[in-house]
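Report on the structure
The chain contents come next:
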Amino acid sequence: MSNTSTNPTPTDGVTPAPRIDQPVEPSAVAQGQQAPSGQAQGTEQHGARAHSDGGWDTKVPVQTRSERPQSGDLDAFPPVTGREVNWKFAPLAKLQPLLDGGLDGSAYRFLARQTEGADVEWGRSDDPVVGSAGLPEDRAAAAAWTARDAVLKVTVKATDAHESISITRSDFGTSARAAHTVITAEQHAQGIVVIDNRGSALLSENVEIVVRDGARLTVVSLQDWDDDAVHVSTQFAEVGRDAFLKHVVVSLGGDVVRVNPSTHLGAQGADTEMYGVYFADAGQYIEQQVYVNHDAPNTRGRVNYKGALQGEGAHTVWIGDVLIGRAGDGTDSYEQNRNLVLTDGTRADSIPNLEIETGNIEGAGHASATGRFDDEQLFYLQARGIPEEEARRLVVLGFLVEVIQKIGAPELEERLIAAVEQELADGRTAVAAAEPEAEQADA
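Residues numbered from 1 in each chain as written. Predicted model: local features only at pLDDT ≥ 70, side-chain atom pairs only at ≥ 80, totals over all residues. Heavy atoms only, no water.

What follows deals with helix H4 (residues 388-404). Compared with an ideal rise of 1.5 Å per residue, which puts 17 residues at 24 Å, H4 spans 24 Å between its outermost C-alpha atoms and is within 8% of the ideal. Maximum bend of H4: about 25°, positioned at glycine 398. Of the positions making up H4, those classed as buried are Ala391, Arg393, Val395, Val396, Leu397, Phe399, Leu400, Val401, Val403 and Ile404. (Helix = DSSP H or I, 4+ residues; strand = E, 2+ residues; numbered from the N terminus. Expected span 1.5 Å × (residues − 1). Bend = angle between axes of the 7 residues up to and from the residue. Buried < 20%, exposed > 50% of the residue type's maximum accessible area, 1.4 Å probe, protein only.)

Quick look at unusual backbone geometry now. One non-glycine residue with positive phi stands out, namely histidine 188, at about 65°. In this fold, histidine 188 is placed in the loop between strand S5 (176-185) and strand S6 (190-197).

A few words now on the pattern of salt bridges. The full count for this structure, using the stated rule, is 23 salt bridges. Glutamate 390 is the salt-bridge partner of arginine 393, the closest N and O atoms lying 2.5 Å from each other. Of this pair, arginine 393 and glutamate 390 both sit in helix H4, three residues apart, roughly one helical turn. Among the ionic contacts, a cluster of salt bridges with common partners joins Asp196, Arg198, Asp224 and Arg415. (Salt bridge = Lys/Arg side-chain N within 4 Å of Asp/Glu carboxyl O.)

Further remarks concern the sheet that holds S6. Read from one edge to the other, the open sheet built from nine strands follows the order S1-S4-S6-S8-S10-S12-S14-S16-S18, with strand pairing classed as mixed. For this open sheet the edge positions go to strand S1 (111-114) and strand S18 (363-371), each flanked by a neighbour on one side alone. Taking each pair of neighbouring strands and ignoring which way they run, the sheet shows an average axis angle of 5°. Packing of H4 onto the sheet brings it into contact with strand S12 (271-280), strand S14 (300-309) and strand S16 (332-341), and relative to S14 it is tilted by some 150°. (Pairing = 2+ DSSP bridges. Axes fitted to C-alpha atoms, helices over the stretch in contact; angles between N-to-C directions. Contact = heavy atoms within 4.5 Å.)

Turning our eyes to something else, we now look at the confidence of the model for the protein chain. Here the protein chain averages 87 in pLDDT, and 82% of its residues register 70 or above. Across residues 1-43, confidence stays below pLDDT 50; counting only partners more than four residues off in sequence or on other chains, it has 30 contacts. (pLDDT = per-residue confidence, 0-100.)

What follows deals with the sheet that holds S5. Strand pairs in the sheet, formed through backbone hydrogen bonds, run parallel or antiparallel to each other. The strand order across the open sheet formed by nine strands is S2-S3-S5-S7-S9-S11-S13-S15-S17, and the pairing between neighbours is mixed. At either end of the open sheet lies a strand with only one pairing partner, and these are strand S2 (118-124) and strand S17 (347-356). Recorded for the sheet is a direction-independent mean angle of 10° between the axes of neighbouring strands. Sheet analysis places strand S11 (residues 256-265) next to strand S13 (residues 285-294), joined by eight bridges and oriented parallel. The residue bridging threonine 263 from the neighbouring strand is valine 292, located in S13. Seen against the sheet, helix H2 (residues 139-147) touches S5, strand S7 (202-211) and strand S9 (230-239) and runs at an angle of roughly 85° to S7.

Time to look at the packing of aromatic side chains. With the rule as written, the count across this model stands at seven aromatic pairs. Each ring, one from tyrosine 108 and one from phenylalanine 172, has its centre 4.8 Å from the other, and the planes form 50°; the classification is tilted. Residue tyrosine 108 is found in the loop between helix H1 (92-95) and S1, and its partner phenylalanine 172 is found in the loop between strand S4 (163-169) and S5; the two are separated by 64 residues along the sequence. Just as tyrosine 108 is buried, phenylalanine 172 falls in that class too. Three or more aromatic residues joined by ring pairs form one cluster here, namely Tyr108, Phe110, Trp122, Phe172 and Trp225. Directly above the aromatic system of tryptophan 87 lies the positively charged group of arginine 258, at a separation of 3.7 Å from the ring centroid. The cationic tip of arginine 384 hangs over the ring face of tyrosine 380; the distance from NZ or CZ to the ring centre is 3.8 Å. (Phe/Tyr/Trp six-rings, centres within 6.5 Å; stacked < 30°, edge-to-face > 60°. Lys NZ or Arg CZ within 6 Å of the ring centre and 35° of its normal.)

Another aspect to go through is the environment of phenylalanine 399. Tracing the backbone shows phenylalanine 399 in helix H4. With a relative accessible area of 16%, phenylalanine 399 lands in the buried category. Placed 93 residues apart in sequence, phenylalanine 399 and lysine 306 show a C-alpha to C-alpha distance of 7.8 Å. With residues up to four places along the chain from it excluded, the contact list for phenylalanine 399 reads Lys306, Gly307, Arg338, Asn339 and Leu340.

Attention now goes to the packing of helix H3 (residues 375-382) against H4. It is at 9 Å that the axes of H3 and H4 come closest, and there the two elements cross at 125°. On the basis of the axis angle, H3 is oblique to H4. Remark: the crossing between H3 and H4 carries right-handed chirality. Of H4, the residues touching H3 (which contributes Gln377, Leu378, Leu381 and Gln382) are Glu388, Ala391, Arg392, Leu394 and Val395. (Parallel < 35°, antiparallel > 145°, perpendicular 65-115°, else oblique. Left-handed = near helix turned anticlockwise from the far one by under 90°.)

Moving on, we come to the environment of leucine 111. Structurally, the position occupied by leucine 111 is in strand S1. Here leucine 111 falls in the exposed class, since its relative accessible area comes to 56%. In this structure, the C-alpha to C-alpha distance between leucine 111 and serine 170, residues 59 residues apart in sequence, is 8.8 Å. Setting aside chain neighbours within four positions, we find leucine 111 in contact with Ser166, Ile167 and Thr168.

Written out as structure tokens, the structure reads:
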């Protein structure tokens, strides 16, 4: 028998404290009524009344990433209004179908290439591995969590080889879908997992990553969607004792792409490197909210995200949160974001945040910068006979390739470099096509 009750009626004459979602009624004095005898009149004696502040004294917004509620229940999260700190930049009209629930969470077709020590298989929605790395922190993730009918389980086994698996997903279609993936690196395993997203999609998903003690795992999430795709991905990792996770997010295609990776370093010696590369074209929205939680002694974290923007209405958002908890003695952490603006009419929002709850650390820091081409770099290249367009191409590639080369998969790195070059070429074509129209309008 359950002994849980909802909103119990007080029997001892004491009024219970209001819930966080319950406004407090203004006091009698605040409503202009006569205060009980012996009670201070405050401003009432002057014909004024105290302001109730709308009950906000009991509805303080969540200020830090570590305080956000976690739940796999969609009803635990109120409807998104756009005023929330983690949704204020997002184009909600395009994301709304993924926030309302009722998503199709059935199994989908995919293509997998794998070595002998890496397995991929479908599991049931109630598989015990679900929830191994964490729980949703927002309504989109909870909607996908609630809707899952199948779970894609990826396992990297502990062998003498460096195992690899590549999963290509290109058949989601245009209806609202949900997906759930759990990636597990067994104790002392080594390998790389690539999730390659292509085609059209209206998708909200959760990706759990579990790195057991002593394992070394690289996970690459590649968003190379068609221009109409809308993709929301919540990715959370749990890194074990003396284990290492390299997490790479590459976002090139799609209309709206929002990838939020978080890593919990909950065991001594846990180590993570989180990289990101993104290229936003005209009208494209790309967002990343990165979180590293140092929750154990002697952990290490490195975050480095780089992006380029070109074309009218290109918009990128990067929010980096790092928490060094009270148990995080000996932490070594640093995060940075760099954005390169190639044309007018773009917008890059970059917000690094750092919370430190213990002073006994090795070091911690963060940095953010957004700017246009370095004229000195262009001048240096042009002075050596390189045409301006080629010089710009070299500068952009040099800016982004630093992160691309961190992946450690030569074939994939070559493909991404070619994709960046194509983005640059398409952007130049679009700008050239728009220039005659602008001249005609000016005339």
